[in-house]
Amino acid sequence: MSPQAVRPLALTAMVGGALYVIAGFVQLTSPEQSAPFSRMSDYLIEAVLALSLLLTLAGFVALHLLLRAGGYRGLRGSTGFRAAVLGQGAMLASTVASLIAGAAALSFLYFAGTLVLLVGLALLSVATHRAALLPGWSPYLVGALAVGVLGGFGMVVVGVVWITLGYVLRSLRGGGRPVSRALRNYSRIRLPRASVNKGREKGQCTTPRPLDGSRSTTAPILWQVTSPALRLASMMS
């Protein structure tokens, strides 16, 4: 899937987050679900929760695409993504089964899915931090999705987190952060004054010398500055 899909996927996750908030408020303001379901609120909670679980899967896909487009290929990212999707998919299957049966169904599957999802969220949080493509507080948002296990209050919090995280993902136009990081790394290279003066006398373009003392390349300075941006643009096109 193309990285261009990050923005629509993030918007889908934001809609799922809004439904999470609705499901949480309905659960907090309604009596405890009966077994079997006997009230309209019982079915409403299950229906809205199923939609929330389905739509927020798009958020995990958007985050995974962003990490890959930014050059992060760590095992934590891919494993965390798979675990999160698998765990939430199991929770979705149990919720749909409960909605159809009119009572709690496949509870063991929901419990197992919750555990797998928590593992995936932990790995994704670390991967998001190491990739450094999102604002510094974004990994905490990914980890905060774990509070969904706390019932109605947890649903409200998860909904707000998904809305915020989806907005952050949508605000990254073309993944501008990776280019900035590449340019920041380039700025650490020192250009000796003697080389600059010598190059000016000969009318040639000089190249910087790295701080570690290694031999510099013969590529022009302009190319060294722009090549990370060009590589990123070609990767995301």
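Worth saying up front: this structure is predicted, and the values here are computed from it rather than measured.

*Asks:* Give me the lowdown on the pattern of salt bridges, citing residues and values where you can.
*Replies:* This structure, assessed with the given rule, holds one salt bridge. A salt bridge links arginine 39 to aspartate 42, with the nearest nitrogen and oxygen atoms 3.6 Å apart. The class for aspartate 42 is buried, based on a relative accessible area of 0%.

*Asks:* Let's hear about unusual backbone geometry: which residues, and what values?
*Replies:* A positive phi angle, near 55°, is found at leucine 106, a position not held by glycine. Looking at the element boundaries, leucine 106 is found in the loop between α3 (75-101) and α4 (107-131).

*Asks:* Let's hear about the packing of helix α2 (residues 40-69) against helix α6 (residues 152-171): which residues, and what values?
*Replies:* Two elements in contact, α2 and α6, have axes whose closest approach is 11 Å; the angle formed by their N-to-C orientations is 35°. Along this stretch, α2 crosses α6, giving a crossing that reads as left-handed. Touching Leu49, Thr56, Gly59, Phe60, Ala62, Leu63 and Leu66 of α2 are Met155, Trp162 and Leu169, all from α6. Here the contact of α2 with α6 is composed, by residue class, of eight nonpolar, two polar and no charged.

*Asks:* Any details on the side chain of serine 94? Residues and values, ideally.
*Replies:* Take serine 94: it is sitting in helix α3. Among the polar contacts listed, one links the side chain of serine 94 to the backbone oxygen of leucine 106, at a separation of 3.0 Å. Discounting chain neighbours no more than four positions away, the residues touching serine 94 are Ala105, Leu106, Ser107, Leu109 and Tyr110.

*Asks:* Kindly report on the confidence of the model for the protein chain, identifying the contributing residues and their values.
*Replies:* Averaged over all residues, the pLDDT of the protein chain is 78; the fraction at 70 or higher stands at 71%. No element of the protein chain has a lower mean pLDDT than helix α7 (residues 176-187), which averages 39, and none a higher one than α4, which averages 94. Below pLDDT 50 for its whole length, residues 174-201 participates in 40 contacts with residues either more than four positions away or in separate chains. A low-confidence stretch, residues 205-226 (pLDDT under 50), is modelled with 39 contacts involving residues beyond four sequence positions or located in other chains.

*Asks:* Lay out the packing of α3 against α4 in plain terms, naming residues and giving numbers.
*Replies:* Put simply, α3 and α4 touch, their axes get as near as 7 Å, and they point 155° apart. The pairing of α3 with α4 is recorded here as roughly antiparallel in orientation. α3 and α4 meet at a crossing whose hand is left-handed. When the residues that make up the contact of α3 with α4 are grouped by side-chain class, the tally is 14 nonpolar, eleven polar and two charged.

*Asks:* Describe α6, and please don't skip the residues or the numbers.
*Replies:* Residues lying three or four places apart along an α-helix face the same way, a consequence of the helix completing one turn every 3.6 residues. Between the first and last C-alpha of α6 there are 29 Å, a value that for 20 residues agrees with the 28 Å anticipated at 1.5 Å per step. Listed as buried for α6 are Gly152, Gly154, Met155, Val156, Val158, Gly159, Val161, Trp162, Leu165, Gly166, Val168 and Leu169. Residues of α6 that are buried in the fold lie against α1 (6-29), α2 and α5 (138-144).

*Asks:* Can you explain the packing of aromatic side chains? Please cite residues and give values.
*Replies:* Here the structure, examined in full by the defined rule, presents two aromatic pairs. Centre to centre, the rings of phenylalanine 37 and tyrosine 43 are 5.4 Å apart; their planes meet at 85°, and the pair counts as edge-to-face. On the basis of relative accessibility, which here comes to 33%, the residue tyrosine 43 falls in the partly exposed class. Residues phenylalanine 60 and tryptophan 162 carry aromatic rings whose centres are separated by 5.1 Å and whose planes lie at 80° to one another, so their mutual orientation is edge-to-face. In this pair, phenylalanine 60 is assigned in helix α2 and tryptophan 162 in helix α6, connecting sequence segments 102 residues apart. Comparing phenylalanine 60 with tryptophan 162, the two get one shared label, buried.

Criteria and cut-off values
Residues numbered from 1 in each chain as written. Predicted model: local features only at pLDDT ≥ 70, side-chain atom pairs only at ≥ 80, totals over all residues. Heavy atoms only, no water. Salt bridge = Lys/Arg side-chain N within 4 Å of Asp/Glu carboxyl O. Buried < 20%, exposed > 50% of the residue type's maximum accessible area, 1.4 Å probe, protein only. Helix = DSSP H or I, 4+ residues; strand = E, 2+ residues; numbered from the N terminus. Axes fitted to C-alpha atoms, helices over the stretch in contact; angles between N-to-C directions. Left-handed = near helix turned anticlockwise from the far one by under 90°. Contact = heavy atoms within 4.5 Å. Nonpolar A, V, L, I, M, F, W, Y, C, P; charged D, E, K, R; others polar. Polar contact = N/O pair within 3.5 Å; in protein donor to acceptor, adjacent residues only side chain to side chain. pLDDT = per-residue confidence, 0-100. Parallel < 35°, antiparallel > 145°, perpendicular 65-115°, else oblique. Expected span 1.5 Å × (residues − 1). Phe/Tyr/Trp six-rings, centres within 6.5 Å; stacked < 30°, edge-to-face > 60°.

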